[in-house]
Amino acid sequence: MDKLFNNHWFIKFISLMIAVMLYTMVNMENVNNQPGALPTVNETTHMIEDVEIEAYYDDEQYAIVEIAETVDITLTGPQSSITMFLVNPNYEVYVDLEDRGEGIHHVNIQHSGFPAELAVSIVPQNIQVELQERETVSLPVEVELQNTEGVEDGYTLGAPQVSPSEVEVTAPRAVLNQISSVRTFIDVAGTNERVETTGTVAVYDEFGNELNVEVNPETVDVEIPVTSPFVSVPVNLTREGSLEEGLTIVDLELEPTEVTIFGPQEVIDDIQVVEGVVLDLSAITESQTLELEVEPPPGVEEVRPNTVTVTIEVADEEEATIEDVPIEIEEGEDGDTIEITDPEEETTDVDVYGSESELEAIEEEDIRIIGEVEEGKMVNKQSL
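Residues numbered from 1 in each chain as written. Predicted model: local features only at pLDDT ≥ 70, side-chain atom pairs only at ≥ 80, totals over all residues. Heavy atoms only, no water.

Novice: Describe the overall build of the chain, listing the residues and the values that go with them.
Specialist: Helices and strands together make up the secondary structure of the chain, namely six helices and 30 strands. Going through the 384 residues of the chain one by one, you find that 28% of them count as buried. Expressed as a percentage of contacts within the chain between residues at least 6 apart in sequence, the contacts between residues at least 24 apart total 70%. For the chain, the exposed surface amounts to about 24800 Å²; the carbon and sulfur share of it is 44%. (Helix = DSSP H or I, 4+ residues; strand = E, 2+ residues; numbered from the N terminus. Buried < 20%, exposed > 50% of the residue type's maximum accessible area, 1.4 Å probe, protein only. Contact = heavy atoms within 4.5 Å. Areas by Shrake-Rupley, 256 points an atom, 1.4 Å probe, with all protein chains shown as cover.)

Written out as structure tokens, the structure reads:
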């Protein structure tokens, strides 16, 4: 069929047929009007149903809340005129409310574009139209998340943030009174990171029906924080370098001792401790508090907190000697009994270093000396 209508010969043929038909109809009317000709009926009727009504009014200030949507039209006149009109219909049915204000109005239905030789009958001939003044209100936008069950395992959605948080809704009062919610819908299926998107705003009544109103702006920006799986693990403080000569550490405190790591479940499940927090002792010259950065382990998205506080107390190093500490002898092989035959080898003196308070707190029983024996001779002494 498309090929026929694209064929110019076919179009020319159809045009010729229509022209012949119209010419015949016109000449038949002329014959019927001649004296002595037999009287014939030269008028006919044609009905056009469900014709939409156009309304002209101040749509910047008012809105129509009640109007009949369609009318039926009956055309009466020469068949040729009706036929020619139907070949190229170009008409309008309307009501004029340009000079009307808010309220209920009974107005006649008007028409234009019909041939002058045709009588036009419209049913109904007048209708009731209600105009209401348009009003604008600001309403908050709610975010409704869709497919939340599709969020990746272990990830948690936070509270959505909307910008702007309110939109302007313009409509007649009767429609504004029907508004129950202003919403935008965001699909979060497969989410495993922060969501930043744009949503279209829609207005609904209490039954969930979308209302035909003007919304400004029509879209809003939506951000949804997403929390990945997490676990708390201890922090391991690594010391590097040495204190300058003459100083010793009296006390060292780490706060906090645990941090929370965030990341894919299969990554954080394998992490037992966070390494990489380094304290450079060579830079310590006095008691102080330092803030050290916690580097995320490989594959970890975030560490909270990302810093820890190290409080270090140093003092001048002193020396003390603890005399006559007994030497313990490890058992020999095969259960041999080992004894010290030289009384001078039964005890030894131990030099210890630290702050004055640490040295004062050391008791003799706090130190153990263990001797290693090979071939009946003591070859090594270790203090604990």
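Now that the structure is up, let's keep going.
Novice: Can you explain the sheet that holds strand S18 (residues 219-224)? Please cite residues and give values.
Specialist: Reading across from one edge, S12-S18-S15 is the order of the three strands in this open sheet, with antiparallel pairing throughout. Pairing within the sheet leaves two strands with one partner each, and these edge strands are strand S12 (161-163) and strand S15 (195-200). Ignoring which end each strand starts from, the neighbouring axes of this sheet average 25° apart. Bridge count for S12 against S18 is three bridges, and the pairing is antiparallel. Counted as the bridge partner of Ser163 is Asp221 from S18. (Pairing = 2+ DSSP bridges. Axes fitted to C-alpha atoms, helices over the stretch in contact; angles between N-to-C directions.)

Novice: Describe the pattern of salt bridges, listing the residues and the values that go with them.
Specialist: Taken as a whole and assessed by the stated rule, the structure comprises eight salt bridges. One salt bridge in this structure joins Arg100 and Asp99, with 3.7 Å as the shortest N-O distance. Its relative accessible area of 31% is what places Arg100 among the partly exposed residues. Taking the relative accessible area as the measure of exposure, Asp99 reaches 66% and is therefore exposed. One salt bridge connects Arg173 with Glu135, and the closest N-O pair in it is separated by 3.3 Å. Separated by 38 residues along the polypeptide, Arg173 in helix H4 (residues 173-176) and Glu135 in strand S9 (residues 126-140) bring together distant segments of the chain. Take Arg173: its relative accessible area is 31%, and that puts it in the partly exposed class. Take Glu135: its relative accessible area is 29%, and that puts it in the partly exposed class. (Salt bridge = Lys/Arg side-chain N within 4 Å of Asp/Glu carboxyl O.)

Novice: Any chance you could break down the nonpolar core for me, citing the residues and the numbers?
Specialist: In this structure, Ile261 and Leu279 are the most contacted members of the largest nonpolar core, which totals 24 residues. For this core, the elements supplying multiple residues, two or more each, are strand S20 (230-240), strand S21 (247-255), strand S22 (258-262), strand S23 (274-280) and strand S26 (307-316). Among the elements that line this core, the one with the most residues is S26, at four residues. Excluding residues within four positions of it along the chain, Ile261 makes contact with Pro229, Phe230, Val231, Val233, Ile268, Ile271, Val274, Val300, Glu302 and Val303. (Core = buried A, V, L, I, M, F, W, Y, C linked by side-chain atoms within 4.5 Å.)

By themselves, these are just geometric observations and shouldn't be taken as functional.
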